[in-house]
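Residue-level structural notes
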Amino acid sequence: MVILNFTFTGSPRQMHEYAQDAMTYVRSYGRPDLFITFTCNLAWSEMKELSHGQTSTDRHDLFARVFRQKQQKLIYVLTKMDVFGEARCWMYSIERQKRGLPHSHNLIWLKEKNPFHPI
């Protein structure tokens, strides 16, 4: 029997740790105002340049790196450029799809409540 540390990426203990962190945010700030799913797209120009006929499973390291850069840019735009308003806090989780492509779930809490947010 092997027990993985919570720092091992993708382990059940790490997922439990993330869930506990999310519940702490909800307890402190209420429900998130925005829930955004961001998916890797093979049609991105960067992906086409990297692939050269290879699939996402052949060069998962390069696809993951491009996705991470785009994810960081998304978080920067949403939190620093105040697209939906000033962000109080945020968190995200990156997972792999069955095809091997990454996608993320982003939770964002805003300082001012969004007028389009259902109550």
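By convention here, each chain's residues receive numbers from 1 onward along its written sequence. The predicted nature of this model means local features are confined to residues of pLDDT at least 70 and side-chain atom pairs, given and counted, to a pLDDT of 80 or more, with totals for whole chains, interfaces and linings taken over all residues. Hydrogens and water molecules were not included; the side-chain quantities draw on all heavy atoms of the structure.

Identification of the chain as Helitron helicase-like domain-containing protein from Araneus ventricosus is taken from an unreviewed UniProt entry.

Before going further, it helps to examine the sheet that holds strand 2 (residues 87–96). Between any two strands, pairing holds if DSSP finds at least two bridges. By definition, any uninterrupted DSSP run of H or I lasting at least four residues is a helix, any uninterrupted run of E lasting at least two residues is a strand, and each is numbered from the N terminus. The strand order across the open sheet built from three strands is 1-3-2, with neighbouring strands paired in antiparallel fashion. The open sheet terminates on both sides in strands that have one partner only, identified here as strand 1 (34–39) and strand 2. The sheet shows a mean angle of 15° between the axes of neighbouring strands, direction not considered. Strand contacts of helix 1 (residues 12–29): strand 2 and strand 3 (102–110), with the helix running at about 160° to strand 2, the strand carrying the most contacts. Along the sheet, helix 3 (residues 60–80) contacts strand 1, strand 2 and strand 3; its crossing angle with strand 2, the most-contacted strand, is approximately 160°. The axes are straight lines fitted to the C-alpha atoms, using for helices just the contacting stretch, and the angles between their N-to-C directions are given from 0 to 180°. Contacts are assigned to residue pairs that have any heavy atoms within 4.5 Å of one another.

Right, let's talk about helix 1 for a bit. An α-helix turns once per 3.6 residues; consequently, residues spaced three or four apart project the same way. The first and last C-alpha atoms of helix 1 sit 26 Å apart over 18 residues, in line with the 26 Å expected at 1.5 Å per residue. In the stretch just after helix 1, Gly30 is the one whose phi turns positive, near 85°. A helix's residues, less one, multiplied by 1.5 Å, set its expected span.

With that out of the way, let us pick up the side chain of Ser104. Note that Ser104 resides in strand 3. Any pair of N or O atoms that falls within 3.5 Å is considered a polar contact. Within protein, one atom must be able to donate a hydrogen and the other to accept it, and sequence-neighbouring residues count only if both atoms are side-chain atoms. Of note is the side chain of Ser104, whose polar atom sits 2.6 Å from the side chain of Gln71.

Generally, phi is negative for residues other than glycine and the peptide bonds are trans, each holding for most cases. Positive phi, close to 55°, is recorded for Asp82, a residue that is not glycine. Classification of residues uses two cut-offs on accessible area relative to the type maximum, computed with a 1.4 Å probe and protein chains only: under 20% is buried, over 50% is exposed, and between them is partly exposed. Judged by relative accessible area, which is 37%, Asp82 ranks as partly exposed.

Now for the pattern of salt bridges. Salt-bridge detection follows one rule: a side-chain nitrogen of Lys or Arg within 4 Å of a carboxyl oxygen of Asp or Glu. Under the criterion given, the structure shown has two salt bridges. One salt bridge in this structure joins Glu46 and Lys70, with 3.5 Å as the shortest N-O distance. In this pair, Glu46 is assigned in helix 2 (residues 45–51) and Lys70 in helix 3, connecting sequence segments 24 residues apart. You can call Glu46 partly exposed: its relative accessible area is 31%. Residue classification places Lys70 among the partly exposed residues on the basis of a relative accessible area of 26%.

Position of His103 relative to the elements: it lies in strand 3. You can call His103 buried: its relative accessible area is 11%. A distance of 3.3 Å separates a polar atom in the side chain of His103 from a polar atom in the side chain of His105. Those residues in contact with His103 that sit more than four places away from it in its chain are Thr37, Phe38, Thr39, Phe67, Ser93, Ile94, Glu95, Arg96 and Gln97.

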